[in-house]
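Structural overview for review
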Amino acid sequence: MKTAHLVHGFNVTDGGANTTDKLRPHLESRGYRVIEHDTTWGWSLIANLISVRMGNQKRAAALAQKIQTGDLLVGHSNGCLLISMACWMLAQLESTAGVRVVLFNPAMDVDTPLSPVITKALVFYTKSDRTVWTAKLLRGHRWGEAGRVGLGGISSDRVHNCSYETLGYANLKHSGIFADEKALSSALRAFDDWTEEV
């Protein structure tokens, strides 16, 4: 059975229930065994920002231990950065190859290179994502505005950028895709098309 890993973003107190966990039934109906990687966050934004800087490496290492060749990794916001970091750790170990990633509004620098472990990436973004635009202003941080403009700026043979606007949905902002079932269904149709190409 295929395995999909769900990795929610930062500053989440519901374990991803209102974001990535909404993908679970959709992925299960497509034949995936779903594993949720919940990270613990507090109630203070400042403490959580410090925790991102000090704890993301440890969170990514824990995720890397669970990833196998052929897995699908699905993240939102900081969860996308954790996926990227975990895949770079796997590349250094040379223990895993050939994973696919789906990134919803990644809080990552636009020019973040893909780990060689990643064979294909589907990146959902929207120009209305002001959260990641603001995040790029944090100095010395890996966060950036890929969730607003896509990863790498353009699609390539490994990266397919898909804006919510091209799916017919404007103003979804940073997490709105998960609050709008019709928009989420459109994104999942794009996922199905992408999966067929892979």
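Criteria and thresholds
Residues numbered from 1 in each chain as written. Predicted model: local features only at pLDDT ≥ 70, side-chain atom pairs only at ≥ 80, totals over all residues. Heavy atoms only, no water. Salt bridge = Lys/Arg side-chain N within 4 Å of Asp/Glu carboxyl O. Helix = DSSP H or I, 4+ residues; strand = E, 2+ residues; numbered from the N terminus. Buried < 20%, exposed > 50% of the residue type's maximum accessible area, 1.4 Å probe, protein only. 1 Å grid on protein atoms, 1.4 Å probe; cavity = no way out; pocket = protein on both sides within 12 Å on 5 of 7 lines; lining within 4 Å. Points joined across faces, edges and corners; volume = space filled by probe spheres on them. Nonpolar A, V, L, I, M, F, W, Y, C, P; charged D, E, K, R; others polar.

1. What to know about the pattern of salt bridges
Should the charged atoms of two oppositely charged side chains come close, the side chains can pair. Under the definition given, this model contains four salt bridges. Between R24 and E28 there is a salt bridge, and its shortest N-O distance comes to 2.9 Å. In this pair, R24 and E28 both sit in helix α1 (residues 24-29), four residues apart, roughly one turn of the helix. The class for E28 is partly exposed, based on a relative accessible area of 40%. Put simply, R24, E28 and E36 are held in one network by salt bridges that share partners.

2. Quick word on empty space enclosed by the protein
Applying the stated rule across the entire model yields two cavities of 30 Å³ or more. Estimated volume of the largest cavity: approximately 40 Å³. Lining the largest cavity are L23, L27, V74, V102, F104, L188 and F191. The set of elements that each furnish at least two residues to the lining of the largest cavity consists of β4 (99-104) and α6 (181-197). Each residue belonging to the lining of the largest cavity can be placed in one class, and the counts come to seven nonpolar, no polar and no charged. Considering the residues around the second largest cavity, the lining is formed by C80, I83, S84, V101, L103, M108, L114 and I118. Breaking the lining of the second largest cavity down by element, the ones donating at least two residues are α3 (78-93) and β4. Here the element with the most residues in the lining of the second largest cavity is α3; it accounts for three residues. A class-by-class count of the residues in the lining of the second largest cavity yields seven nonpolar, one polar and no charged.

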